[in-house]
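# Summary of the model geometry
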Amino acid sequence: MIINLSEQHSLVSNWVSELRNIAVQNDRMRFRRNLERIGEVIAYEISKEMDWETVDIETPLGIAPTKLMQEQPVLATILRAGLPMHQGLLNYFDKADNAFVSAYRKHHKDGSFTINVEYLSSPPLDNRFLIISDPMLATGASLVKTIQYLKDVGNPRVIHIAAAIACTEGIEYVTREHPDLKIWCGAIDDEITAKGYIVPGLGDAGDLAYGGKAQY
Ligand SMILES: O=P(O)(O)OC[C@H]1O[C@H](OP(=O)(O)OP(=O)(O)O)[C@H](O)[C@@H]1O
Ligand SMILES: O=c1cc[nH]c(=O)[nH]1
Ligand SMILES: [Mg+2]
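For the structure given in this document, a descriptive report is provided here. Keep in mind that what you see is a predicted model, and the values were worked out from it rather than measured. (Residues numbered from 1 in each chain as written. Chains lettered and ligands numbered in written order. Predicted model: local features only at pLDDT ≥ 70, side-chain atom pairs only at ≥ 80, totals over all residues. Heavy atoms only, no water.)

### Focus on the overall build of the chain
The condition that has to hold: In this description a helix means any DSSP run of H or I spanning at least four residues, a strand means any run of E spanning at least two, and both kinds are numbered starting from the N terminus. We take the radius of gyration over the C-alpha atoms and set the globule estimate at 2.2 Å times the residue count to the 0.38 power. Exposure classes here rest on a 1.4 Å probe applied to the protein chains alone. A residue is buried below 20% of its type maximum, exposed above 50%, and partly exposed in between.
Scanning the chain from N- to C-terminus turns up six helices and 12 strands. Its C-alpha atoms give the chain a radius of gyration of 18 Å, within 12% of the compact-globule value 17 Å for 216 residues. Counting only C-alpha atoms and orienting by the principal axes, one finds that the chain spans roughly 70 × 40 × 30 Å. Scored against the burial criterion, the 216 residues of the chain give a buried share of 44%.

Put into structure tokens, the structure is as follows:
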């Protein structure tokens, strides 16, 4: 299931437009903060899908029956571009457990790339409510590989994906491999270049957030 948040005419569209806009996107602090804000809004939306229980809270003046989350989610992200959205999710799910995966594109001389995973740090995942954030869902290769690695750790009960911009091809690939996902995104674009960049997209999210990388 796909939820495109910009269809709802909310603040998310403004933030996505700033991420895309070449006149704004080079302000790295604003770029990271806009990803973080999208992560925060998606956290709020996903929280409505969690299980809640009524607990009596003692106030100085009485008892307030209050709905509380029954469990903490696990927040997973893909290094490095995923970090700002992850922080946004963590700002709201402030007691969450966390997982980090270093899935990145290793570019080859012929222009092709493969996804390298060199690092994984995760809590046990059996029966957990898992939210994976990554701003760009392009070909979907990074996400599919990340989910495979996380499923080797344990079998989550539910998996939600949080992305700033997703493209149709990537959504199709990921949902074909993992049909049970729920994907939340700030916008959906239809095109992807031969080098795997989303069009119109925003460019390279990792570079815009943290600066360019050396080729090695
Ligand atoms: O859907 P895909 O085609 O796999 O592309 C999406 C991936 O590309 C970006 O990471 P990148 O490899 O640029 O690494 P970075 O975060 O270090 O910039 C992005 O953050 C995703 O993880
Ligand atoms: O368009 C894209 C595709 C993958 N990663 C990015 O940062 N941007
Ligand atoms: Mg990148």
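Picking up after the structure, the text goes on.
### Examining the pairing of strand β2 (residues 52–59)
Along a regular strand, successive side chains alternate from one face of the sheet to the other. Heads up, the condition is: When DSSP locates at least two bridges between a pair of strands, those strands are taken to pair.
Where β2 meets strand β3 (residues 62–69), eight bridges bridge the pair, whose relative direction is antiparallel. The partner of Asp56 across the bridge, within β3, is Pro65.

### Here we look at the pattern of salt bridges
To keep things clear, this is the line we draw: Just to be clear on terms, a salt bridge is a Lys or Arg side-chain nitrogen sitting within 4 Å of an Asp or Glu carboxyl oxygen.
One pass over the full model with this rule turns up 11 salt bridges. Where Glu36 meets Arg33, a salt bridge forms, and the shortest distance between an N and an O atom there is 3.6 Å. Of this pair, Glu36 and Arg33 both sit in helix α2 (residues 28–47), three residues apart, which is roughly one turn of the helix. Of the charged contacts in the structure, one is a salt bridge between Glu40 and Arg33, with a shortest N-O distance of 3.2 Å. Classification of Glu40 by relative accessible area gives buried; the value is 10%. Residue class for Arg33 comes out partly exposed when judged on its relative accessible area of 34%. Salt bridges linked by common partners bring Arg33, Glu36 and Glu40 together as one network.

### Focus: the site of ligand 1
Definition in use: If a single non-hydrogen atom of a residue is within 4 Å of a molecule or strand, that residue counts as near it. Any pair of N or O atoms that falls within 3.5 Å is considered a polar contact. Within protein, one atom must be able to donate a hydrogen and the other to accept it, and sequence-neighbouring residues count only if both atoms are side-chain atoms. Every accessible area reported is derived by Shrake-Rupley at a probe size of 1.4 Å, with residue values counting cover from the shown protein chains alone. In this classification, the charged set is Asp, Glu, Lys and Arg, the nonpolar set is Ala, Val, Leu, Ile, Met, Phe, Trp, Tyr, Cys and Pro, and all remaining amino acids, among them Gly, are polar.
The environment of ligand 1 is made up of 16 residues, and the closest members are Arg105, Asp134, Thr139, Gly140 and Ser142. One of the side-chain nitrogen or oxygen atoms of Thr139 is found 2.5 Å away from an oxygen atom of ligand 1. Its free accessible area being 500 Å², ligand 1 has 94% of it covered by the protein chains. Looking at the shell around ligand 1, the elements with two or more residues in it are β5 (97–107), β8 (136–137) and α4 (141–153). Residue composition of the shell around ligand 1, grouped by class: seven nonpolar, four polar and five charged.

### Some remarks on the site of ligand 2
Around ligand 2, the surrounding shell consists of Arg105, Met136, Ala138, Gly196, Tyr197, Ile198, Gly203, Asp204 and Ala205. One of the backbone N or O atoms of Gly203 is found 2.7 Å from a nitrogen atom in ligand 2. Here Ala205 contributes a backbone N or O atom positioned 2.8 Å from an oxygen atom of ligand 2. Relative to its free-state accessible area of 240 Å², ligand 2 is covered by the protein chains to the extent of 89%. Among the residues making up the shell around ligand 2, the classes are represented as five nonpolar, two polar and two charged.

### Some points on the packing of α2 against helix α3 (residues 83–92)
As a reminder, the rule being used: As a rule, the C-alpha atoms of each element are fitted with a line to give its axis, helices using only the stretch in contact, and angles between N-to-C directions run from 0 to 180 degrees. In what follows, roughly perpendicular refers to angles from 65 to 115 degrees, roughly parallel to angles under 35, roughly antiparallel to angles over 145, and oblique to any angle outside these ranges. The hand of a helix crossing depends on one turn: near helix anticlockwise from the far one by less than a right angle means left-handed, and clockwise means right-handed. We call two residues in contact whenever any of their non-hydrogen atoms come within 4.5 Å of each other.
Between α2 and α3, the shortest axis-to-axis distance is 7 Å and the interhelical angle comes to 45°. Classified by the interaxial angle, the pair formed by α2 and α3 is oblique. When you trace α2 past α3, the crossing you get is right-handed. In this structure, α2 uses Arg32, Leu35, Glu36, Ile38, Gly39, Glu40, Ile42, Ala43 and Tyr44 to contact α3, whose residues at the interface are Pro84, Met85, Gln87, Gly88, Leu89, Asn91 and Tyr92.

### With respect to α2
Put simply, the test is: For a helix, the expected span equals 1.5 Å multiplied by the residue count minus one.
Taking 1.5 Å of rise per residue, 20 residues should cover 28 Å, and α2 covers 28 Å from first to last C-alpha, within 8% of that figure. Among all positions in α2, only Phe31, Asn34, Leu35, Glu36, Ile38, Gly39, Glu40, Ile42, Ala43, Glu45, Ile46 and Ser47 are buried.

### Quick look at the nonpolar core
Rules: Nonpolar cores are built from buried Ala, Val, Leu, Ile, Met, Phe, Trp, Tyr and Cys residues. Side-chain atoms within 4.5 Å join them into one set.
Core analysis: the largest hydrophobic core is formed by 34 residues, its most contacted members being Phe31, Ile38, Ile42 and Leu202. At the level of secondary structure, the elements contributing two or more residues to this core comprise α1 (11–20), α2, α3, β7 (129–133), β9 (158–167), β10 (182–189) and α6 (205–210). Among the elements that line this core, the one with the most residues is α2, at six residues. Among the nonpolar cores identified, the runner-up in size contains 25 residues, and Ala103, Leu150, Ile159 and Ile161 belong to it.

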